[in-house]
Amino acid sequence: MGGFVAIAVIYLVIVQGLSFFMSRNDDVKYAAPADVGQLWSAYLLPVAVSCVFAYGVVAYLGWWRPVWIDDRPVQGWLIFVPILMVLTIVVVTDYSALADKGATFSILLLVMCLLVGLTEETMFRGIGVTVFRRNGFTEGKVALWSTVLFGVAHSTNLISEGPKAFMQVFTTIVAGYFLYIIRRRTGGLLIPALIHGLWDFSLISGQVIPDELYPLGLLAILTMVVLAIVLFVRRRHIEPHGSAT
């Protein structure tokens with residue numbers, strides 16, 4: 001477990017350090033790139049380098065199958081988690097703002113968000129889940145620690161965002177559990193990585209026009225609340241029939 005924490009710290013140093021270095025002369029707001037230049041230097045390049053690092057770790061460990069394939073299914077009704085998240089993505093995405101920003105900006109933003117989804121899912125729902133399982137953790141503890149560390153990793157935003165980043169840490173932990181459920185329900189890393197990236201894309205699209213509020217973003221919070229309530233109420237109906245909770 002200590003080795004995974006070290007890997008996660010190196011990953012954070014890469015992505016946060018490169019982002020700071022590349023954008024040190026720009027006024028870049030968190031999750032709100034203003035133009036193609038900011039998008040490339042402060043976001044896309046650091047994420048791409050961190051993705052290379054993550055897959056270097058997977059290759060070194062030889063963990064391609066356990067990272068990408070999940071053979072511990074959950075009950076069928078949980079398919080509603082990715083379905084509801086996808087429907088929310090479709091509704092929440094600010095298509096008007098993206099049209100104003102142009103095709104180049106929108107495509108680069110999409111690529112960046114998909115890379116974020118792929119890299120963070122590989123780190124936490126891929127390498128992290130594999131580490132905890134190989135250390136004999138129950139699935140309950142695998143879910144707990146992989147999602148908590150995922151949230152704590154986002155606490156580095158306290159440096160740039162201040163105390164309001166605490167709420168992001170909490171919501172990230174909750175979202176991390178949804179993505180863990182999606183990994184198990186869909187049998188692997190691909191779908192949670194795609195949903196993670198598109199979820200970020202939909203939220204960021206509502207922030208690309210400076211000083212303009214986008215009320216539909218609140219729908220994403222509502223979706224998380226609904227999912228959290230349903231999963232809590234039916235928490236004893238997540239594992240396959242006949243297995244331990």
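Observations concerning the packing of helix 4 (residues 80–92) against helix 10 (residues 190–205)
Look at helix 4 against helix 10: their axes get within 9 Å of each other, and the N-to-C directions meet at 30°. With respect to each other, helix 4 and helix 10 are oriented roughly parallel. Between helix 4 and helix 10 lies a crossing of left-handed hand. Between helix 4 and helix 10, the residues in contact are P82, M85, V86, T88, I89 and V92 and I195, L198, W199, S202, L203 and S205, respectively. Of the residues in the contact of helix 4 with helix 10, the class split is nine nonpolar, three polar and no charged.

Structural notes on the nonpolar core
Nonpolar side chains in soluble globular proteins generally cluster together in the buried interior. Residues V81, L109, M112, M123 and I127 are the most contacted members of the largest nonpolar core, which totals 59 residues. Considering each element in turn, this core owes the most residues, 11 residues, to helix 6 (residues 103–134). In contact with M112, not counting residues within four places along its chain, are L39, Y43, L44, V47 and I204.

Observations concerning a nonpolar patch on the surface
Taken together, the side chains of M1, V5, V9, V13, L144 and W145 present a nonpolar region at the surface, about 510 Å² in accessible area. Elements with a contribution of two residues or more to the nonpolar patch: helix 1 (2–22) and helix 7 (139–153). The element that contributes the greatest number of residues to the nonpolar patch is helix 1, accounting for three residues. Looking at where V9 falls in the secondary structure, it is placed in helix 1. The exposure class assigned to V9 is partly exposed, which follows from its relative accessible area of 44%.

Criteria and thresholds
Residues numbered from 1 in each chain as written. Predicted model: local features only at pLDDT ≥ 70, side-chain atom pairs only at ≥ 80, totals over all residues. Heavy atoms only, no water. Axes fitted to C-alpha atoms, helices over the stretch in contact; angles between N-to-C directions. Helix = DSSP H or I, 4+ residues; strand = E, 2+ residues; numbered from the N terminus. Parallel < 35°, antiparallel > 145°, perpendicular 65-115°, else oblique. Left-handed = near helix turned anticlockwise from the far one by under 90°. Contact = heavy atoms within 4.5 Å. Nonpolar A, V, L, I, M, F, W, Y, C, P; charged D, E, K, R; others polar. Core = buried A, V, L, I, M, F, W, Y, C linked by side-chain atoms within 4.5 Å. Buried < 20%, exposed > 50% of the residue type's maximum accessible area, 1.4 Å probe, protein only. Patch = residues over 30% accessible without salt bridge, like charges linked within 9 Å, V, L, I, M, F, W, Y side chains within 5 Å. Areas by Shrake-Rupley, 256 points an atom, 1.4 Å probe, with all protein chains shown as cover. Salt bridge = Lys/Arg side-chain N within 4 Å of Asp/Glu carboxyl O.

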